[in-house]
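These are the residues of each chain, in order.
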Amino acid sequence: MSAVQQRGSLTQVELAGVTGLSPATVSNIVKELTVLGVLHTAPTSRSGRRAQQVTLARNLGLVAGVHFGTRSMRVALSDVAHRVIAEQRMPLPPDHRADAGLDRAALLLTEMVESLDASMGEVLAVGVGVPAPVDVRTGRIATVGMLRGWDGVSVSEVLERRIGIPVHVDNDANLGALAEVRLGAARGARHVLYLKVSHGVGGGLVLNGEVFHGRSGTAGEIGHVTLDDNGPICRCGNRGCLETFVGAPVLLAMLAASHGHLTLRDVITRAQDGDPGCRRVISDAGLHLGAAAANVCNVFDPELVVVGGQLAEAGAILLDPLRTVLAQRTVPSTAGPVDVVASELGASAEVRGALAVALDRAAIAGSVAVVG
Amino acid sequence: MNGSVLSLRGISKSYGAVRALVDVDLEIRPHEVVAVIGDNGAGKSTLAGVISGALVPDAGQVLLDGQPVSLSTPAAARSHGIAAVFQDGALCANLDVVENIFLGQEVTRAVLLDEVAMEKQAWTLLGQLAARVPSVRIPVGALSGGQRQAVAIARSLLGEPRVLVLDEPTSALGITQTAEVLSLIERLRERGHGVVLISHSMADVQAVADRIVVLRLGRVNGEFDAASTSYEDLIAAVTGATSGAPRRGAPDVARGDGPRPAARPGPARAEVPGRADGPRRPDAHEVIP
């Protein structure tokens, strides 16, 4: 049951592989649950053989995911089978405030649910990702000054009061990591390092298939690994953090004198069109990221490094230098250097992770009754 | 980065005794969203009218690529590559999407309308804007506000204008539609258009603009870099709590290709004593609902 819930849809044979149960047992369980209306099966084919595709029945409800970025917000709705039904992006002002942001998210969510002819009562849970460390137990932003206008805000409390649905909050890079492991580039991997390189730099650690949060939610904050003791002061208050070398404002400032006013997307587009200045800025960012990621890899030796966020759209321009430095600086292993891949879910990774968290925490009435 | 497509120099416009615009300068560059904000009656719509050729200024110069031009009619403006979308979108509710987009500029083959070519081009335009329109053959009246706005913008994109003026594109829209229109403006910018966004929604303007020009009582009351300007500074300029934020000097000398000074409003703040202190800000918030 939870296996189907985590992966959205899979065949009975795969289900047997994942759960470790015998195919006959799986078949019996699936039949039983189908009769009860919890699962839905459809004939399909897998490597040329007939198979049964198993998904959760749709009438079980909806879950919602919200991702606040530095300059935009994304809201998605999915059914309990991980199928995204509606998704909407909205640009946000710089330094947006928690009250206005959460208000817009709540309004947008309500309108999207209504446009599906559903009611808010059908939404079982909401997952929210914010670009700052979050104490997942309290839903409170765990640091001060990282996300101006959001300091000390209990996101889950504010939003729950607004929409009356259970809200689960996490750091956006953690959610991106979760989404890549469940649905994206890192499917099947157990230990994964996810880097989110957009306006800021975030990181998510996945250990044994679970997101690692640490003591108070600041685990994986790779953007604040020190690269230069005497470097510039970072928004976190330390000096020479990775983010002061590869954060979008820094990259854009480097190009301001020669290229004028650009956005991060302009830089990526121009780099892909061969602009040498923009290529250089992105490949240097790759070098810095590689150096920081190498430290993390030396500590926990992941199977895979997934690079997401907007800058990852630059592809090889960013990833090649990153791979080179990472291979240089990690302990040589007989297994060879760690693989570095680009995110598969792209800009949607974080919101898909938010959906996954909402789904995990959703009290699906059927599942509780049947499994119990 | 690039030079201006369109420059307004010392534009003034009066309606009888009402001075709607007084000595207004505005630079519009390609690949950039410049927002014009201001209170009711600050002259925003008059400015849109002047740029789009609907209004003829009493004084001042309009330069296109550095050459003086006369934008005496909307058609003249269009022929110079300036298109405008006004608040109501000026669409015919009973006509379908294709008919609306091509109204008055139909594609013909011999003497007949080339419906196939028009429909294809309509889909291309809407596709580039990533607009979600269910069908191009349904009456515009059946579309949502955001979709109608997308059709109105697609219509203005015919003939590849270099400058696009959007007058209050998000007023009277719900939040989903606002989100769509804002994303649309970002894509217009990516396509390389110079976009003039006229709005009084501070949140919408800050979300997509590169540069924000504040109009107050017909005068330019400051020009700000959108990324580094706070909501409070904008409100202060709109309400007049700060006045005379630095006017740009002779544009060609002062700006060039150099980096834009991030803290342009800085000096003004220092000149007006007490402006940055607490008590004024709450007032400013109350003035603007």
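Going by an unreviewed UniProt entry, chain B carries the name Sugar ABC transporter ATP-binding protein and comes from Cellulomonas cellasea DSM 20118.

Chain A has the name Transcriptional regulator in an unreviewed UniProt entry, where Cellulomonas cellasea DSM 20118 is given as its organism. According to UniProt, the comment filed for chain A under the heading Sequence similarities (unreviewed entry) is "Belongs to the ROK (NagC/XylR) family."

(A) Structural context of helix 9 (residues 264-272) of chain A. Residues and elements named next belong to chain A. Along helix 9, the positions that sit buried rather than exposed are L264, D266, V267, I268 and A271. In this structure, the buried residues of helix 9 make contact with helix 8 (248-259), helix 10 (276-300) and helix 11 (316-329). The positive-phi residue at the C-terminal boundary of helix 9 is G274, with phi of around 100°.

(B) View of the pairing of strand 11 (residues 211-216) of chain B. All names here are of chain B. The buried fraction of strand 11 is high, at 6 of 6 residues. Across the two faces of strand 11 the burial is the same, with R211, V213 and L215 and I212, V214 and R216 all buried. Direction of pairing for strand 3 (residues 32-38) relative to strand 11: parallel, over a ladder of 5 bridges. Within strand 11, the position partnered with I37 by the bridge is V214.

(C) Representation of the interface of chain B and chain A. Taken together, the contacts link 19 residues of chain B with 21 residues of chain A. Among the secondary structure elements, those contributing two or more residues to the side of chain B that touches chain A are helix 6 (175-190) and helix 7 (202-208) of chain B. Ranked by residue count, the leading element in the side of chain B that touches chain A is helix 6 of chain B, at 7 residues.

(D) Focus on helix 12 (residues 349-361) of chain A. Helix length check: helix 12 of chain A, at 13 residues, gives a terminal C-alpha distance of 18 Å against a target of 18 Å (1.5 Å per residue), a fit within 8%. Of all 13 residues that make up helix 12 of chain A, 11 are buried, and the element is covered over most of its length.

(E) Expanded view of the confidence of the model for chain A. On average, residues of chain A carry a pLDDT of 87, and 91% of them reach 70 or more. Confidence over residues 365-372 of chain A falls short of pLDDT 50; this stretch has 10 contacts with residues more than four positions distant or in other chains.

(F) Spotlight on the packing of helix 5 (residues 145-157) of chain B against helix 6 of chain B. All names here are of chain B. As a packed pair, helix 5 and helix 6 sit with axes 8 Å apart at the nearest point and diverge in direction by 25°. Of the possible angle classes, the one that applies to helix 5 and helix 6 is roughly parallel. Judged by residue contacts, G145, G146, Q149, A150 and I153 of helix 5 engage T176, Q177, E180, V181 and L184 from helix 6. A class-by-class count of the residues in the contact of helix 5 with helix 6 yields 4 nonpolar, 5 polar and 1 charged.

(G) Summary view of unusual backbone geometry. Residue and element names in this part refer to chain B. Backbone geometry places D23, a non-glycine residue, at a positive phi of 50°. Locating D23 in the fold gives a position in strand 2 (residues 18-28). A tally of 15 C-beta atoms within 10 Å means that D23 is categorised as partly exposed. Look at D65: it is not a glycine, yet its phi comes out positive at around 50°. By the element assignment, D65 lies in the loop between strand 4 (59-64) and strand 5 (67-69).

(H) Spatial organisation of the sheet that holds strand 1 (residues 6-15) of chain B. Residue and element names in this part refer to chain B. Here 4 strands make up an open sheet; going across it, the order is 2-1-4-5 and the pairing antiparallel. At either margin of the open sheet sits one strand with a lone partner, and together these are strand 2 and strand 5. Direction aside, neighbouring strands of the sheet carry axes that sit 30° apart on average. Summarising the sheet, strand 4 and strand 5 pair through 3 bridges and their orientation is antiparallel. Residue pairing across strands places L64 opposite Q67, the latter belonging to strand 5. Lying over the sheet, helix 1 (residues 44-51) contacts strand 1 and strand 2, oriented at roughly 60° with respect to strand 2.

(I) The environment of H67 of chain A, seen in detail. Residues and elements named next belong to chain A. Turning to its location among the elements, H67 is positioned in strand 4 (residues 62-68). In this structure H67 comes out as buried when scored by C-beta crowding, with 28 C-beta atoms within 10 Å. Along the backbone, H67 and G127 are 60 residues apart, and their C-alpha atoms lie at a distance of 8.4 Å. Each residue touching H67, except ones within four places of it in the same chain, is listed here: M73, R74, G129, D172, E350, V351 and A354.

Rules of the game
- Starting from 1, residues in each chain are numbered consecutively following that chain's sequence as written.
- Lettering for chains starts from A, numbering for ligands starts from 1, and both go in the order in which the items are written.
- The predicted origin of the model limits local features to residues at a pLDDT of at least 70 and limits the giving and counting of side-chain atom pairs to 80 or more, whereas totals for whole chains, interfaces and linings rest on all residues.
- UniProt positions are given in the numbering used here, feature names are shortened, and annotations may be inferred rather than shown by experiment.
- Buried residues are those with 20 or more other C-beta atoms within 10 Å of their own C-beta, exposed residues have 12 or fewer, and partly exposed residues lie in between; C-beta atoms are placed from the backbone.
- Think of it this way: any DSSP run of H or I at least four residues long counts as a helix, any run of E at least two long counts as a strand, and we number them from the N terminus.
- We call two residues in contact whenever the C-beta atoms placed from their backbones are within 7 Å.
- Strands are labelled as partners when DSSP assigns at least two bridges between them.
- Expected span of a helix: the number of residues minus one, times 1.5 Å.
- The predictor rates its confidence in each residue with pLDDT, a number between 0 and 100.
- In this analysis, axes come from line fits to C-alpha atoms, helices being fitted only over the stretch in contact, and the angle between any two N-to-C directions falls in the range 0 to 180 degrees.
- Roughly parallel here means an angle under 35 degrees, roughly antiparallel means over 145, roughly perpendicular means 65 to 115, and every remaining angle is called oblique.
- Under the scheme applied, nonpolar residues are Ala, Val, Leu, Ile, Met, Phe, Trp, Tyr, Cys and Pro; charged residues are Asp, Glu, Lys and Arg; polar residues are all the others, including Gly.

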